[in-house]
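Here are the chains, one letter per residue:
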Amino acid sequence: MAKNSSQAPPQTLVELRRDLDEQTEDLSSLFRSVDDAQLVRRPPSGKWSPVEHVDHLIKVNQGYLRGIEMALNRGRAAGKTGTGPFKGSVVGRFLTRSMEPPVKRRIKTMAAMKPSSELAAEPTLAVFLDLQGSLRELMTGSEGLDLDAMRMSSPFVRLVRAPVFSWFSVLLAHNRRHIWLIREALAG
């Protein structure tokens, strides 16, 4: 089961990877537990279907993974080493907290992050799981780097800058948010 938002935020790469692995298994288990028709069906409220939530996560995570990889490469080249524990930034902690379930406030989705129509459950989940693997590789490859010293802008809102550690935390909180929303969609 995914992390409870009342728990202390992760401060190490080990904690982040554990959280990543748990949510990857949680979403995989959810998709295995229902048929494809339920995964592509929008709830009566008209909100996103479970597969649309996953497609949204794909679009968001792809944007951040490219930026994180570039920031890590720059930090590695500049010799920015460190082992943590990491704090992230005030902005990063705020964004992470704002994403945590249960969802209290809906956020308008930018056009670049909106899900596609006519999605199939299995291939969409496969792409997401591949991205989760890429995120895990980035986390593992960043061992020994000072993730608080390497900053990057959001690929969607360039004015928002935070350390790489914060972006790892924000992505995982955003994933948890949508896993929670997927459960809500399946219950509705």
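Refer to the structure presented above.
Residues numbered from 1 in each chain as written. Predicted model: local features only at pLDDT ≥ 70, side-chain atom pairs only at ≥ 80, totals over all residues. Heavy atoms only, no water.

Draft legend 1. The arrangement of the environment of R177 in detail. Here R177 is to be found in helix α6 (residues 164-187). Along the backbone, R177 and H53 are 124 residues apart, and their C-alpha atoms lie at a distance of 9.8 Å. (Helix = DSSP H or I, 4+ residues; strand = E, 2+ residues; numbered from the N terminus.)

Draft legend 2. Helix α5 (residues 121-141), seen in detail. Between its terminal C-alpha atoms α5 stretches 30 Å, which fits the 30 Å expected from 21 residues at 1.5 Å a residue. Regarding α5, the residues found buried are A121, T124, L125, F128, L131, Q132, L135, L138 and M139. Axial view of α5: buried residues confined to an arc of 130°, hence all on one face. Among the exposed residues of α5, those pointing more than 90 degrees away from its buried face are E122, D130 and E137. (Expected span 1.5 Å × (residues − 1). Buried < 20%, exposed > 50% of the residue type's maximum accessible area, 1.4 Å probe, protein only. Arc of directions from axis to C-beta.)

Draft legend 3. View of the packing of helix α1 (residues 13-33) against α5. Direction vectors running N to C along α1 and α5 enclose 170°, while the axes themselves pass 10 Å from each other. The angle between the axes of α1 and α5 places the two elements in the roughly antiparallel class. Contact residues: L13, L16, R17, L20, D21, Q23, T24, L27, S28 and F31 in α1; A121, L125, F128, L129, Q132, L135, R136, M139 and T140 in α5. Here the contact of α1 with α5 is composed, by residue class, of 11 nonpolar, 5 polar and 3 charged. (Axes fitted to C-alpha atoms, helices over the stretch in contact; angles between N-to-C directions. Parallel < 35°, antiparallel > 145°, perpendicular 65-115°, else oblique. Contact = heavy atoms within 4.5 Å. Nonpolar A, V, L, I, M, F, W, Y, C, P; charged D, E, K, R; others polar.)

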